[in-house]
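Architecture at a glance
Chain by chain, the residues:
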Amino acid sequence: MAENLVNTPEVQGLLDKLSGQDQAAGDARLKAVIRRIMGDLFATIDEFDLTDNEVWGALNYAAAGSGEFGLWAAGLGLERYLDIRADAIDAGHGVTGGTPRTIEGPLYVAGAPETQGFARLDDGADDGKGEVLIMHGQVRDVAGKPLANAKVEVWHANTLGNYSYFDQTQSAFNLRRTIYADSEGRYAFRSIVPVGYACPPGGSTEGILKAIGRHGNRPAHIHFFISAHGHRHLTTQINIEGDPYLHDDFAYATRDDLIPPVNHAGNGDLGAKYGVSDPFAEIEFDFVLQAATDAAEEDASTRQRAAA
Ligand code: MBD
Ligand code: FE
């Protein structure tokens with residue numbers, strides 16, 4: 001076989017045609033992207049001498065497992081790469097400061113109940129299994145000014161590592177809330193300390209990960225969307241320190257500045273304020289938002305999300 005089969009005139013011509021280069025109609029940018037992706041795929045098939053059965057097997061596997069594409073994006077580092085790239089673009093523009101971003105993951109659900117200042121996230125079903133958690137803090141801008149009425153959307157797993165909505169055994173919006181910060185930018189919630197997530201056993205993501213010698217586990221974490229008028233939308237998470245997977249996350253989302261200390265002794269005054277007696281887990285964490293330079297930066301990506 002020819003060296004560099006993809007570079008032969010025959011295959012280059014095929015790439016031109018299949019990507020619509022010889023057509024006036026269509027989107028030029030999309031044509032260029034499709035040409036690159038198909039060319040890279042052809043080169044991969046050639047380099048690894050993939051058989052027809054391997055190629056069709058992969059296509060069929062993807063088609064059958066496409067319900068987990070959100071998990072593939074997390075586990076195959078695509079989500080992490082988009083963050084690395086966003087960070088690099090910011091650095092190139094001299095944009096610094098603020099709470100680091102980290103991936104959204106595929107388990108956000110729009111429409112969670114909204115509250116002012118404080119919310120209890122859990123429905124009580126994990127009482128006696130989960131450690132009670134009170135997390136609180138302030139939302140500020142990079143200059144330290146509190147952001148009154150900032151929107152704090154929070155979601156996390158239960159003591160089995162499962163998320164409501166996707167786990168039909170939980171009540172609607174269990175462990176999901178939208179909290180509007182008070183006039184000082186302060187938010188607080190009561191919940192239970194989550195447990196790490198594991199990819200669904202027998203699913204397509206787990207199948208790929210096993211085949212390449214990896215696991216599909218995430219350390220315990222809590223997700224946030226933080227937003228405020230005039231500021232960049234922040235997608236982030238905090239990790240629960242001490243988790244065995246803290247630095248072995250299958251989605252590569254752990255970041256040094258997102259591992260707040262957990263005070264397991266409780267804190268009498270704080271507990272009294274929210275009707276919780278010691279001991280409980282306390283996490284104090286402030287979110288710092290960068291100023292937006294255009295309106296689009298104030299919104300989350302337009303990624304498809306579940307809504308209930
Ligand atoms: C999760 O809970 C999660 O946060 C990610 C990124 C992927 C799968 C499950
Ligand atoms: Fe998660």
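For every chain, the first residue of the written sequence is number 1, and numbering continues from 1 onward in sequence order. Working convention: letters from A go to chains and numbers from 1 go to ligands, in the order in which they are written. Two thresholds apply to this predicted model, a pLDDT of at least 70 for residue-level local features and 80 or more for giving and counting side-chain atom pairs, whereas whole-chain, interface and lining totals are computed over all residues. The side-chain quantities take in all heavy atoms of the structure and omit both hydrogens and water.

All right, on to helix H6 (residues 204-211) then. For every residue, the accessible area obtained with a 1.4 Å probe (protein chains only) is divided by the maximum for its type, and the residue is called buried under 20%, exposed over 50%, and partly exposed between those limits. Strands are runs of DSSP state E lasting at least two residues, helices are runs of H or I lasting at least four, and both sets are numbered from the N terminus onward. All of the buried residues in H6 are Ser204, Thr205, Glu206, Ile208 and Leu209. Contact criterion: two residues are considered in contact whenever any of their non-hydrogen atoms come within 4.5 Å of each other. Of the surrounding elements, those touching the buried residues of H6 are helix H3 (52-64) and helix H4 (69-75). At the exit of H6 stands Gly213, carrying a positive phi of roughly 80°.

Once that is clear, we can look at the UniProt feature "domain: Intradiol ring-cleavage dioxygenases" (unreviewed entry) in the protein. Residues annotated in UniProt with the feature "domain: Intradiol ring-cleavage dioxygenases" (unreviewed entry) correspond here to residues 135-163. Counting secondary structure, residues 135-163 comes out at 0% helix and 45% strand; the distance between its end C-alpha atoms is 19 Å. UniProt positions are given in the numbering used here, feature names are shortened, and annotations may be inferred rather than shown by experiment.

A word on the nonpolar core. Of all hydrophobic cores here, the largest spans 31 residues; its most connected members are Met135, Val139, Tyr187, Phe189, Ile222, Phe224 and Phe287. The residues contacting Phe287, other than those within four sequence positions of it, are Thr99, Met135, Gln138, Val139, Arg140, Tyr187, Phe224, Ile226, Leu234 and Thr236. Among the nonpolar cores identified, the runner-up in size contains 15 residues, and Ala74, Tyr163, Phe250 and Ala251 belong to it. Only buried residues count toward a nonpolar core. Its members are Ala, Val, Leu, Ile, Met, Phe, Trp, Tyr and Cys residues joined through side-chain atoms within 4.5 Å.

The rule for donors is simple: an N, O or S atom within 2.8 Å of the metal counts, and for Na, K and Ca the reach is 3.2 Å. Water is not among the atoms, so a site may look short of donors. Looking at the metal site, the iron ion (ligand 2) is ligated by Tyr163 (OH), His221 (NE2) and His223 (NE2), spaced 1.9 to 2.1 Å from it. Taken in chain order, the donor set of the iron ion (ligand 2) reads Y-x57-H-x1-H. Pair noted here: Tyr163 is in the loop between strand S5 (151-156) and strand S6 (176-180) and His223 is in strand S8 (residues 221-227), with a separation of 60 residues, a long-range link. The same class applies to Tyr163 as to His223, namely buried.

The next thing to look at is the pairing of strand S9 (residues 234-239). Burial analysis of S9 places six of its six residues in the buried class, which makes it a mostly covered element. Residues Leu234, Thr236 and Ile238 of S9 are buried on one face, and the alternating residues Thr235, Gln237 and Asn239, pointing to the opposite face, are buried as well. Any two strands with at least two DSSP bridges between them are considered paired. The sheet contact formed by S8 and S9 spans six bridges and is antiparallel. Across the sheet, Ile222 pairs through a bridge with Ile238, a residue of S9. Connecting S8 to the antiparallel partner S9 that follows it, the hairpin turn spans six residues, and Gly230 within it adopts a positive phi of roughly 85°.

Right, let's talk about the packing of aromatic side chains for a bit. Centres within 6.5 Å are what make two rings of Phe, Tyr or Trp a pair, Trp counting through its six-membered ring; a difference in plane orientation under 30 degrees is then read as stacked, over 60 as edge-to-face, and the rest as tilted. Scanning the model with the defined rule gives 13 aromatic pairs in all. A centroid spacing of 5.0 Å and a plane angle of 75° characterise the contact between Tyr165 and Phe166, whose relative ring orientation is edge-to-face. A relative accessible area of 39% means that Phe166 is categorised as partly exposed. The rings of Tyr187, Phe189, Phe224, Phe285 and Phe287 are connected pair by pair, giving a single aromatic cluster. In this analysis the charged atom, NZ for Lys or CZ for Arg, is taken to sit over a ring once it is within 6 Å of the ring centre and within 35 degrees of the ring normal. Taking the ring centre of Tyr108 as reference, the NZ or CZ of Arg305 above it sits at 6.0 Å.

When the domains of the protein are assigned, the result is domain 1 (5-50) and domain 2 (71-307). What fixes the domain bounds is an automatic or database domain assignment. Put simply, the middle of domain 1 and the middle of domain 2, counted by C-alpha atoms, are 40 Å apart.

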